[in-house]
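# Inside the fold
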Amino acid sequence: SLYLTLCLCELNIPTVLAVNMKDECDKKKIRIDIEKLSEKLGIKVVFISSKTREGFPELLKQVKNIKASDICSYDSFIRSNLWPWWRISQCKML
């Protein structure tokens, strides 16, 4: 979830975001700009389908190649205008 993603960002944990249900989006002709989302969040984003396993090789590749620098920050979310209501202080240690 994006809530968990925000918590990981707050804790400076290297993160790869998997956006699921690619098969459903394709079927309903819903387009999600993964590259732009990745740019806005400042982390790697991979579009997957857990039902068909599409995107899993790319997800595994990104996870294997994750670096300590692959962290997003609260500032990334503020600049992205995705979470103007978010209060990062809500995150607790997992």
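Provided above is the structure to which this section pertains.
Here is what the cut-offs are and how they apply
- Residues numbered from 1 in each chain as written.
- Predicted model: local features only at pLDDT ≥ 70, side-chain atom pairs only at ≥ 80, totals over all residues.
- Heavy atoms only, no water.
- Helix = DSSP H or I, 4+ residues; strand = E, 2+ residues; numbered from the N terminus.
- Buried < 20%, exposed > 50% of the residue type's maximum accessible area, 1.4 Å probe, protein only.
- Contact = heavy atoms within 4.5 Å.
- Areas by Shrake-Rupley, 256 points an atom, 1.4 Å probe, with all protein chains shown as cover.
- Polar contact = N/O pair within 3.5 Å; in protein donor to acceptor, adjacent residues only side chain to side chain.

## Examining the overall build of the protein
- Counting secondary structure elements, the protein contains five helices and two strands.
- Moving toward the C terminus, one meets the helices and strands of the protein in the order α-β-α-α-β-α-α.
- Looking at the protein residue by residue over its 94 residues, the buried ones come to 36%.
- Sequence-distant contacts, at least 24 apart, represent 71% of the contacts inside the protein between residues at least 6 apart.
- For the protein, the accessible surface area stands at approximately 6500 Å², while carbon and sulfur atoms represent 57% of it.

## Considerations on the environment of L6
- Mapped onto the fold, L6 is located in helix α1 (residues 2-10).
- Sequence spacing of L6 and C72 is 66 residues, and the spatial spacing of their C-alpha atoms is 8.5 Å.

## Considering the side chain of S38
- Its location among the elements puts S38 in helix α3 (residues 34-41).
- Here the side chain of S38 touches I43 through a polar contact of 2.5 Å, landing on its backbone oxygen.
- Residue contacts for S38: discarding those within four places in its chain leaves I43, K44 and V45.

Purely geometric numbers; function is a separate question.
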